[in-house]
Amino acid sequence: MESSLQRYRSQLETTPWFRSLPVELRDDLVSRAVLLTIEKGQALYRRGDRFDGLYAVLGGTLAFGSVGLDGKEALLAELGPTAWIGEISLFDGLPRPNDATAVSRTLLLHVPEAALRDLLEATPAYWREFALLMAHRLRVSFENTEAITLLPAAQRVANRLLVIAGGYGGLNAPQTRIRVSQDSLASMVSLSRQTTNQLLRSLESQGIVSLKFGEIVILDFDRLRAASLGEPDSTR
């Protein structure tokens, strides 16, 4: 299994967190991992499930969120290659705090709980590395919550597009072609689909983005950044 996983090593190292790890820890994580594929709509885990290890997305996309008793979905993020997920329950030993569901057929690298515990028992200094991953995720979460609470709708949409395109601050690889449905984007920014569509159409009419089926292409990052700050479009 180790040899079959080594071809994913360079892909994993495109993510800042994994690339910054000590070489020995990177070696151990890859050598102790297994590959897992889940199909579109399949849950990797559900809120309340017990911790079973860490995962890295190698292909496809996972949606993170939860569903209320009324059936309303709160979508936090959609993460793709090469995001690492699941570290919160590693620290507190509590069940998973949200659902993780495949948006498309998704290939994952799975480091089982027992392997992680062995690594951390042998080298306690490694706890810091996983704490940095958790701190990074919490920082992004706080910033997104602040944006939803404080920004007007148009800035909210532009801001979230920038966050996704930037790989959630380095949690996964940056992208100029955002593969996200308008329903999902609307849920992330706490707006209706109709409002979200109108705001995206406005950005498209300005030549800032291009809307495709299930995809949003960023054409002008500088103007999108200006839109996220509420600055007037200097080209108009």
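Keep in mind that what you see is a predicted model, and the values were worked out from it rather than measured.

*Asks:* Residue-level account of the domain arrangement of the chain, with values.
*Replies:* Interfaces are often sized by the accessible area lost when the parts come together. Here the domain parsing of the chain yields domain 1 (6-137) and domain 2 (152-229). The gap between the C-alpha centroids of domain 1 and domain 2 is 25 Å. The interface is formed by 17 residues belonging to domain 1 together with 12 residues belonging to domain 2. Counting each side, the surface lost to burial between domain 1 and domain 2 is near 1100 Å², with a carbon and sulfur contribution of 52%. Contact with domain 2 buries area across many residues of domain 1, yet Leu75, Glu78 and His136 alone supply 42% of it, more than any other trio. Counting across the interface, domain 1 meets domain 2 through 7 residue pairs in polar contact (both at pLDDT 80 or more). Contributing elements (two or more residues each) for the side of domain 1 that touches domain 2: strand S5 (73-79) and helix H7 (127-150). Per-element tally for the side of domain 1 that touches domain 2: the top contributor is S5, with 7 residues. By residue class, the composition of the side of domain 1 that touches domain 2 is 10 nonpolar, 4 polar and 3 charged.

*Asks:* Residues and numbers for helix H12 (residues 221-228), please.
*Replies:* Among the residues making up H12, those that are buried are Arg223, Leu224, Ala226 and Ser228. Elements in contact with the buried residues of H12: helix H8 (153-165), helix H11 (193-205) and strand S11 (215-218). Sitting at the amino-terminal end of H12 is Asp220, which places a side-chain oxygen 3.2 Å from the backbone nitrogen of Asp222.

*Asks:* How would you summarise the sheet that holds strand S2 (residues 43-45) if you had to cite specific residues and measurements?
*Replies:* Strand order in the open sheet formed by 4 strands is S2-S7-S4-S5, with antiparallel pairing between adjacent strands. The open sheet terminates on both sides in strands that have one partner only, identified here as S2 and S5. Strand-to-strand twist across the sheet, computed as the mean angle between neighbouring axes with direction ignored, equals 30°.

*Asks:* I'd like a rundown of the packing of aromatic side chains, residues and numbers included.
*Replies:* Using the criterion set out here, one finds 5 aromatic pairs in the structure. Their ring planes at 50° and their centres at 5.7 Å tell us that Trp17 and Phe130 sit as a pair that is tilted. Of the two residues, Trp17 is situated in helix H3 (residues 16-19) and Phe130 in helix H7; the sequence distance between them amounts to 113 residues. Side by side, Trp17 and Phe130 carry an identical accessibility label, which is buried. Members of the aromatic cluster, each reached through a chain of ring pairs, are Trp17, Phe18, Trp84 and Phe130.

*Asks:* Explain the pairing of strand S8 (residues 106-112) to me, and be specific about the residues and the numbers.
*Replies:* By the criterion of burial, S8 is predominantly enclosed, with 5 of the 7 residues buried. With 5 bridges joining them, strand S1 (residues 34-38) and S8 adopt antiparallel strand pairing. The residue of S8 that forms the bridge with Thr37 is Leu107.

*Asks:* Break down the pattern of salt bridges for me, citing the residues and quoting the values.
*Replies:* Scanning all chains against the criterion turns up 15 salt bridges. The residue Arg9 makes a salt bridge to Glu13 at a minimum N-O spacing of 2.9 Å. Residue Glu13 is classed as partly exposed on the basis of its relative accessible area, which comes to 23%. The shortest N-O distance in the salt bridge between Arg137 and Glu87 comes to 2.7 Å. With a gap of 50 residues between them, Arg137 in helix H7 and Glu87 in the loop between strand S6 (84-85) and helix H5 (88-92) connect regions that are remote in the sequence. Of the two residues, Arg137 and Glu87, both sit in the buried class. Connected through salt bridges with shared partners, the residues Arg9, Glu13, Arg26 and Asp27 form a single ionic network.

*Asks:* So what's going on with the sheet that holds S8? Residues and values would help.
*Replies:* The strand order across the open sheet formed by 4 strands is S1-S8-S3-S6, and the pairing between neighbours is antiparallel. The open sheet has two edge strands, S1 and S6, and neither has a second partner. Summarising the sheet, strand S3 (residues 53-59) and S6 pair through 2 bridges and their orientation is antiparallel. Within the sheet, the bridge partner assigned to Tyr55 lies in S6 and is Ile85. Contacts between helix H6 (residues 113-122) and the sheet are confined to S3 and S8, with S8 contributing the most and set at about 45° to the helix.

*Asks:* Mind laying out the pairing of strand S4 (residues 62-67), listing which residues take part and the relevant values?
*Replies:* Buried residues dominate S4, accounting for 5 of its 6 residues. As judged from the 6 bridges shared by S4 and S5, these two strands associate in the antiparallel manner. Residue pairing across strands places Ser66 opposite Ala74, the latter belonging to S5. The pairing of S4 with strand S7 (residues 99-102) spans 4 bridges and is antiparallel. Note on S7: the bridge partner recorded for Ala63 is Thr101.

So, how was this worked out
Once a new chain begins, its residue numbering starts again from 1 and follows that chain's sequence as written. In keeping with the model being predicted, local features are shown solely for residues with a pLDDT of at least 70 and side-chain atom pairs are shown and tallied solely at 80 or more, while totals for entire chains, interfaces and linings include all residues. Think of the side-chain values as coming from all heavy atoms in the structure, minus any hydrogens and water. Those domain boundaries reflect an automatic or database domain assignment. Contacts are residue-level and defined by heavy atoms, with any inter-residue pair within 4.5 Å sufficient. For any pair of parts, buried area is found by adding up, for both, the accessible area (1.4 Å probe) each one loses once the two are put together. Definition of a polar contact: a pair of N or O atoms within 3.5 Å, with one able to donate and the other able to accept a hydrogen when the atoms are protein atoms, and with sequence-neighbouring residues admitted only if both atoms are side-chain atoms. In DSSP terms, a helix is any run of H or I states spanning at least four residues, a strand is any run of E spanning at least two, and both are numbered starting from the N terminus. In the scheme used here, Gly and all other residues not listed as nonpolar or charged are polar, with Ala, Val, Leu, Ile, Met, Phe, Trp, Tyr, Cys and Pro taken as nonpolar and Asp, Glu, Lys and Arg as charged. Throughout this description, buried means an accessible area under 20% of the type-specific maximum (1.4 Å probe, protein chains only), exposed means over 50%, and partly exposed covers the range between. One bridge is not enough; two strands pair if DSSP finds at least two bridges between them. A fitted line through C-alpha atoms serves as each axis, taken over the contacting stretch for helices, and the angle formed by two N-to-C directions is quoted from 0 to 180°. Here a pair means two rings of Phe, Tyr or Trp (six-membered ring of Trp) with centres within 6.5 Å. Their orientation is stacked below 30 degrees between planes, edge-to-face above 60, and tilted elsewhere. The term salt bridge refers to a pairing of a side-chain nitrogen on Lys or Arg with a carboxyl oxygen on Asp or Glu at a separation within 4 Å.

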